[in-house]
Amino acid sequence: RHWVHRDGERTIHGWEKTDLKPMAAEPGMVDHSDVAPKLLLSTSPDWQAKSRWFYQVNEDYGSFAADDDIRAKVAEITAGCRSDLDKISRLTHWVAEEIRYSGISMGEGEGFTLHRGTMTFVDRCGVCKDKAGMLITMLRAAGFESYPAMTMAGSRIDRIPADQFNHCVTIVKVGGKYTLLDPTWVPGVRELWSSAEQQQEYLMGLPEGADLLSTPLSPAADHFFRYRVQGRLDARGNWRGEITLDAEGQLDSTLRRVFTRKPKEAWNDTLADLWRRIHPAVEIERSTMSDPGDLDRPMHLAATLTIPGWARLGDKHCYLTPVTARLPLLEGVGIPALSTSPATRKYPFRTRSSQSLDIEETLLLPAGLTLAAPLPLKEVTGSGADFRGRVEVIGNRLRVSAKLACKKRIYPATDWENVRSGLLEIRKIADAVLVFDRGAK
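What counts and what doesn't
- Residues numbered from 1 in each chain as written.
- Predicted model: local features only at pLDDT ≥ 70, side-chain atom pairs only at ≥ 80, totals over all residues.
- Heavy atoms only, no water.
- Helix = DSSP H or I, 4+ residues; strand = E, 2+ residues; numbered from the N terminus.
- Buried < 20%, exposed > 50% of the residue type's maximum accessible area, 1.4 Å probe, protein only.
- Contact = heavy atoms within 4.5 Å.
- Axes fitted to C-alpha atoms, helices over the stretch in contact; angles between N-to-C directions.
- Parallel < 35°, antiparallel > 145°, perpendicular 65-115°, else oblique.
- Nonpolar A, V, L, I, M, F, W, Y, C, P; charged D, E, K, R; others polar.
- Patch = residues over 30% accessible without salt bridge, like charges linked within 9 Å, V, L, I, M, F, W, Y side chains within 5 Å.
- Areas by Shrake-Rupley, 256 points an atom, 1.4 Å probe, with all protein chains shown as cover.
- Salt bridge = Lys/Arg side-chain N within 4 Å of Asp/Glu carboxyl O.

A. Representation of the environment of L212 in the model. Tracing the backbone shows L212 in the loop between β8 (201–204) and β9 (213–214). Under the relative-accessibility criterion, L212 is labelled buried at 7%. For the pair formed by L212 and D46, sequence separation is 166 residues and the distance between their alpha carbons is 9.5 Å. Contact partners of L212, with chain neighbours within four places excluded, come to W47, I157, D158, R159, E201, Y202 and L203.

B. Inspection of unusual backbone geometry at higher detail. The omega torsion across S341 and P342 is 0°, close enough to zero to call that bond cis. Looking at the element boundaries, P342 is found in the loop between α8 (334–337) and β16 (349–350). A positive phi angle, near 60°, is found at D19, a position not held by glycine. Within the secondary structure layout, D19 lies in the loop between β2 (10–15) and α1 (47–61). Relative accessible area serves as the criterion here: at 75%, D19 is assigned to the exposed category.

C. Examining the packing of helix α2 (residues 68–78) against helix α5 (residues 128–141) more closely. At a closest axis distance of 9 Å, the pairing of α2 and α5 adopts a crossing angle of 75°. The angle between α2 and α5 places the two elements in the roughly perpendicular class. In contact with I70, R71, K73, V74 and I77 of α2, α5 contributes M134, T137, M138 and A141. Grouping the constituent residues of the contact of α2 with α5 by class yields 6 nonpolar, 1 polar and 2 charged.

D. Molecular detail of a nonpolar patch on the surface. On the surface, W15, L39 and L41 cluster together to form a nonpolar patch covering roughly 330 Å² of accessible area. When you line up the elements, W15 lands in strand β2. For W15, a relative accessible area of 43% puts it in the partly exposed group.

Honestly, that's just the spatial picture; any functional story needs more than this.
Structure follows, in structure tokens:
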């Protein structure tokens, strides 16, 4: 209920809600502030007014004025660029990588006012608003029209034009349209705007004002792990073959972080440890990868491996788990890592981003093996996820294929049945132990 009390010249408003019960958390659910009761207050008449104020307060302060040193650095960074997009990309990644995320409060004036780019350029550090402001300063010095924008990383912004922001980003006009850039979230990421921020509201600070907008969905096909496995099983149950892993988008950045969060001298050992996750007895004949520091190329890993005793041999049967079920890094991907419990959901849920898995394995089998029981997989389609997969023996080859696409970052609870069905199907492969009849010996 809402009540009003007048005390002389003051008017006091109060709001009260009773009989509230504690919320039962669900795995992977959105922030409680997205679904729990909350009170929002604002003195702004609408988002357009808030947008114009945010623009003006930074222009009045002179947040984006460049000096000769900044202009010289911009010219150096953009030298040889063949397009505006190339210039924007280079400047965004320079700020992302060269301005360290670190900041301290400077007292009065902190908040919505972005520190001057000239200060950040000298300090080479700052928080999100400093990195965003540095990029705006450099983009303007390069001749682009650029402004700041506010967003709420991790939570929803409601339609009431209240202060619901915890993050600052950059916008630039390209081809007559504004494009989002985020130098805070893209260090080590091939994107210029992190797709971990899709389905997220934002407000641009424009001289003409702007309404609250939402970042669009990014196709699941743009964020993938693609595994290819070619192997041979000998009569003793030993496996030998080749594995490749290609990654892109947010899963490319997931793979890069496995290495870049460690000293370069440890990268080879880290790569070897990844392959050993398949089986502790794995023998690495050859192992290569692309440079994790090179953002111009997607990540690519390749290895030739031998796994002694991969299949378990009995008198009459051979017990085999597809190598697909033990591929490294799958446990760290947002899709399979999402719990399939509970069976139903009350609240919306989320993963890091839309993403997809594409796995194919071919295994040459020794003579005399016959698959005793198939592993049936169901096709799943829906607004949240799609899955297609097969496990079959054709001639003397075992073929495993699985494609799972989860299409959003934030899902309504009504998508859970569809997404959970896709997860359950791919986990049939992860949990599979295939039984083969060995035939006459």
